[in-house]
Amino acid sequence: MKKRVWTSYRVSTKKQGEENDIPLQKSQCHTFAEKNGWVITKEITEKLSGFQTDINDRESLKDIKAGAEKKEFDILLIYHSDRLGRQMEYSLWIASLYELGVQVWSVKEGELKNEEHSDALMNMIRYWQSEGESRKTSMRVKDAMKELNEQGATWLGGYCPFGYHVIDTGEKRNSKKDKTIKKLAIHPEESKVIKLMFSLALNKLMGSGVIAQYLNNNGYTNRGRMFTYTTVGRMLRNPTYSGYRRWGTSQKKSLKSKTRLGVPREQWNLQPFNPEIQIVSEEDFQKVQELITNRNTHLTADKSKRVPVNSQVLLSGLVTCGYCGGRMKTGYTYQRWTRKNDGVKVERKAYRYSCNTARGLGDAHEGQKQFGAVTIDQTVEAEVLEAISSLKLEAFNEEKEAFDFAEIDARKVQLKELEKQLSDKAKAYSNTEEMFDKVMSGQVNLDLNFIAGKLEEYGQAKMELQDKVNKLKDEIKQTEMQSTDLETLKHQLSNWVETYKAKATLEEKKAMLSQVVKEVQVSRENIVIKFHITVEKALQKGGEYLESAEAEPIMVSEDNTWKEIRRRISKRARSAPLSI
């Protein structure tokens, strides 16, 4: 009786399966079976990685094992041992088939026996070598991709970000292959939507959800789909729009795994700056990142930095209690009355700032707990406009002249030295890996424990140096941006008052105020406006810089009561003044 044979064919990619690999394996296996007088009763074909796919996730192997248990075949025939897989675990899987009475044959290697201890060792070494080849291939591909990413400019595949399209340059990286070089280019229409997103986030302080709703309501689509909170959030975080394409945003769970895990944003790698793909300025991109971070309560404990835009009061997110220092929330009550002249019933919202901490303290909270929002908003707005109008912009020149550029140069020298140390350790680690392979294959006679110890030592040093390099790069970038920000802020404040008065919406005014005002402390006795430190340095008093980032407090006294303050601003109040 002829022996029954099941054959297994495998390729790593769909392209291999469509070309010559599968037909070649199939032809060779049929010829081998006929030569030995066997009959093929079932053929199994797979298109997956034998290195990255977990042996327990392969349904075909489960079917083969089930068939062996049911005695449905006598021989498993493969073209080559690595067509079964490229992990050491496959040597144990072959042993399990032999225990069920099934032989495993390879067209190129003959029977993969498992009768003696030496047979099991040979199978283990065979698959150890296959796994090693895959590891080296994986490292070569990873290094090649890293080199291409560090060079930038070219498109390496994947999903094309919204706002761009991929164009074919017609050039070839390898003259022996047909594949041409592609690059990312700005999409004329989609890029307008990206600019609008960043404008809404920066100038109107809209969050991702509000922006998504705005775009959907105004007929914009995400390539035929609706915009969502998540997609808008990802777009606002994508540094590609500022000219720096990101890479290394995810990594494999393990070398053999196909599962990829997200990498923290601060550990992303960026390609060199490419002006051809820049849609928004780097300055605007960084400001939007700060707004997003400050808005997210999970990323910052300093809730006072958040500037809510859905509130109908001007200083929401900036007002704090002058007694306990707690953040004041906004709220309203309805006021209703009947006009005497025509008997019409009138209703309106009366907005207030209330101390959030006072709720928990009860009677233990010192001083007043609530203040009318209209009075506070109008008073602070008038004082800020007057203060900015009196700015001495020469202070910004003095600040920039004092900027320590020599310190930046020193840090860059330090960075270069660290990068050299990192390169040396990476090379030592790579050489030790190669030595480990030689020891395992018997080419070199060294103590395996010594080599393993060196691998751990170099690996740890490599990680520590990489952390230092990343930290120093961030410090240099932040310092350089600080110099640029001084000049930018000077330019913005030169016409700040005129720009503010021209703003039509409450959201736009909130955004501008948050650029210059850090905090507004309110109490029954006074209102204290605290400016951001760089603005404060330009606010001079008697030719000297203020000692603290505060404007002159607005005092409440017998001559300057809350009633008097309200009277002065009543003509331009948005609604009738409320009692405080």
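Residues numbered from 1 in each chain as written. Predicted model: local features only at pLDDT ≥ 70, side-chain atom pairs only at ≥ 80, totals over all residues. Heavy atoms only, no water.

Describing the overall build of the protein
Here comes step 1: Counting secondary structure elements, the protein contains 19 helices and 21 strands.
Here comes step 2: By the burial criterion, 39% of the 580 residues in the protein qualify as buried.
Here comes step 3: Counting only contacts in the protein whose residues sit at least 6 apart along the sequence, the fraction spanning at least 24 positions is 65%.
Here comes step 4: Summed over its atoms, the accessible surface of the protein is roughly 33,500 Å², and 49% of this surface lies on carbon and sulfur atoms. (Helix = DSSP H or I, 4+ residues; strand = E, 2+ residues; numbered from the N terminus. Buried < 20%, exposed > 50% of the residue type's maximum accessible area, 1.4 Å probe, protein only. Contact = heavy atoms within 4.5 Å. Areas by Shrake-Rupley, 256 points an atom, 1.4 Å probe, with all protein chains shown as cover.)

Structural notes on the sheet that holds strand β16 (residues 370–372)
The strands making up a sheet associate through hydrogen bonds between their backbones, and the pairing can be parallel or antiparallel.
Here comes step 1: What the 3 strands build is an open sheet, ordered β14-β15-β16; its pairing is antiparallel. The open sheet has two free edges, formed respectively by β14 (328–338) and β16, since each of these has just one partner strand. The mean angle between the axes of side-by-side strands here comes to 35 degrees, regardless of whether they run parallel or antiparallel.
Here comes step 2: Relative to β16, strand β15 (residues 345–355) runs antiparallel, the two sharing 3 bridges. Note that in β16 the partner of S354 across the bridge is Q370. (Pairing = 2+ DSSP bridges. Axes fitted to C-alpha atoms, helices over the stretch in contact; angles between N-to-C directions.)

Examining the sheet that holds strand β2 (residues 39–47)
Here comes step 1: The sheet built from 5 strands is open, its strands ordered β2-β1-β3-β4-β5 with mixed pairing. Strand pairing shows two members of the sheet lacking a second neighbour, β2 and β5 (110–111), which therefore form its edges.
Here comes step 2: Two strands pair when backbone bridges link them, and strand β3 (residues 75–78) and strand β4 (residues 103–106) are joined in this way by 4 bridges, in the parallel orientation. Its bridge partner being in β4, L77 is matched across the sheet by W105.
Here comes step 3: Docked against the sheet, helix α2 (residues 21–35) engages β1 (4–11), β2, β3 and β4, running at close to 160 degrees with respect to β1.
Here comes step 4: This element, helix α5 (residues 89–99), spans β3, β4 and β5 of the sheet and lies at about 130 degrees to β4.

A closer look at the side chain of Q289
Here comes step 1: As for its position among the elements, Q289 is in helix α10 (residues 282–295).
Here comes step 2: Residue classification places Q289 among the buried residues on the basis of a relative accessible area of 9%.
Here comes step 3: Here L236 takes part through its backbone oxygen, which lies 2.7 Å from a polar atom of the side chain of Q289.
Here comes step 4: If sequence neighbours within four positions are ignored, Q289 has contacts with L236 and R237. (Polar contact = N/O pair within 3.5 Å; in protein donor to acceptor, adjacent residues only side chain to side chain.)

Looking at the pairing of β3
Here comes step 1: Of the two faces of β3, the one lined by I75 and L77 and the one lined by L76 and I78 are each fully buried.
Here comes step 2: Note: β1 against β3, 4 bridges, orientation parallel. By the bridge assignment for β3, T7 is matched with L77.

Description of the confidence of the model for the protein
Here comes step 1: Summary statistics for the protein give a mean pLDDT of 77 and a share of 74% for residues scoring 70 or more.
Here comes step 2: Ignoring residues within four places in sequence, the model shows residues 297–306, a span with pLDDT below 50, making 14 contacts including any to other chains.
Here comes step 3: A low-confidence stretch, residues 569–580 stays under pLDDT 50, and its non-local contacts, those more than four residues away or across chains, total 33 contacts. (pLDDT = per-residue confidence, 0-100.)

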